[in-house]
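What follows is the residue order along each chain.
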Amino acid sequence: MLGGCKVEKELWEKCVAFHGHECPGLAIGFRACEAAIKKLNLSFSKDEEVVCVTENNACGVDAVQYITGCTFGKGNLIYRDRGKQAFTFFRRDTNEGIRIVLKAFNHSNDRKKWQEYLLNAPLEEIFDFKTPTYGIPPKAKIYPSIQCEICGEYAAENKIRFKEGKKVCIDCFGE
């Protein structure tokens, strides 16, 4: 993959600049994006055309944001906390999806060698490809802001709770 392709090397370098450093975790996300692009014929998501459900909040998610355009701000990057190196990508226009899961490895403690392997190994060697077990998440919902009657700060309506007859934010509610 990166061995001789100038375009891929440039994209990797841009991902590294976005993330702040190169590391095996970023390489995992980088290659997961490559797989999703190839298998679903994805292009950069300007709005919510592509959705990624990430099962981790590690370095690879930065590659997902940079390469695919899936971001928390647009609502098309969804964090499903499972602690797995797994990413599910969906295309809204075709209703297609794929779950990409890092295979278990007994890699050495040499981070540089592990990163090089991840960047250059065949995709089928490093990932399992599965059918998602759930459908495409709904588009991002925009909630009105409600002022907390204790601290005075505004919070999204779906995060407001009632405490002693007052509309309060989660912090003031004590969750």
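Parameters and conventions
Residues numbered from 1 in each chain as written. Predicted model: local features only at pLDDT ≥ 70, side-chain atom pairs only at ≥ 80, totals over all residues. Heavy atoms only, no water. UniProt positions renumbered as here; feature names shortened; annotations may be inferred. Helix = DSSP H or I, 4+ residues; strand = E, 2+ residues; numbered from the N terminus. Buried < 20%, exposed > 50% of the residue type's maximum accessible area, 1.4 Å probe, protein only. Pairing = 2+ DSSP bridges. Domains from an automatic or database assignment. Core = buried A, V, L, I, M, F, W, Y, C linked by side-chain atoms within 4.5 Å. Contact = heavy atoms within 4.5 Å.

We now examine the UniProt feature "domain: Formylmethanofuran dehydrogenase subunit E" (unreviewed entry) in the protein chain. The feature "domain: Formylmethanofuran dehydrogenase subunit E" (unreviewed entry), as annotated in UniProt, sits at residues 18-116 in this numbering. Regarding residues 18-116, the helix share stands at 34% and the strand share at 21%, and the terminal C-alpha atoms are separated by 19 Å.

Attention shifts here to the pairing of strand β4 (residues 96-102). β4 sits mainly inside the fold: five of its seven residues count as buried. Pairing between strand β3 (residues 86-91) and β4: six bridges, direction antiparallel. Bridge pairing in β4 links F87 to I100. Between β3 and β4, which pair antiparallel one after the other, the connecting turn spans four residues, and N95 there sits at a positive phi close to 60 degrees. The pairing of β4 with strand β5 (residues 127-130) spans four bridges and is antiparallel. Its bridge partner being in β5, L102 is matched across the sheet by F127.

Attention shifts here to the domain arrangement of the protein chain. Under the domain assignment, the protein chain is made up of domain 1 (7-128) and domain 2 (140-174). Between the C-alpha centres of domain 1 and domain 2 the distance comes to 34 Å.

With that out of the way, let us pick up unusual backbone geometry. Despite not being glycine, N41 shows a phi value in the positive range, around 55 degrees. Assignment of secondary structure puts N41 in the loop between α2 (24-40) and β1 (50-54).

The next point concerns the nonpolar core. Core analysis: the biggest nonpolar cluster contains 34 residues, and V64, F87, F89, I100 and F127 have the highest contact counts within it. When residues of this core are traced back to their parent elements, those giving at least two are α1 (6-19), α2, β1, α3 (60-68), β3, β4, α4 (111-120) and α5 (123-126). Here this core gets nine residues from one element, more than from any other, and that element is α2. Setting aside its immediate chain neighbours within four residues, V64 contacts C33, C52, G69, C70, L77, F87 and F89.

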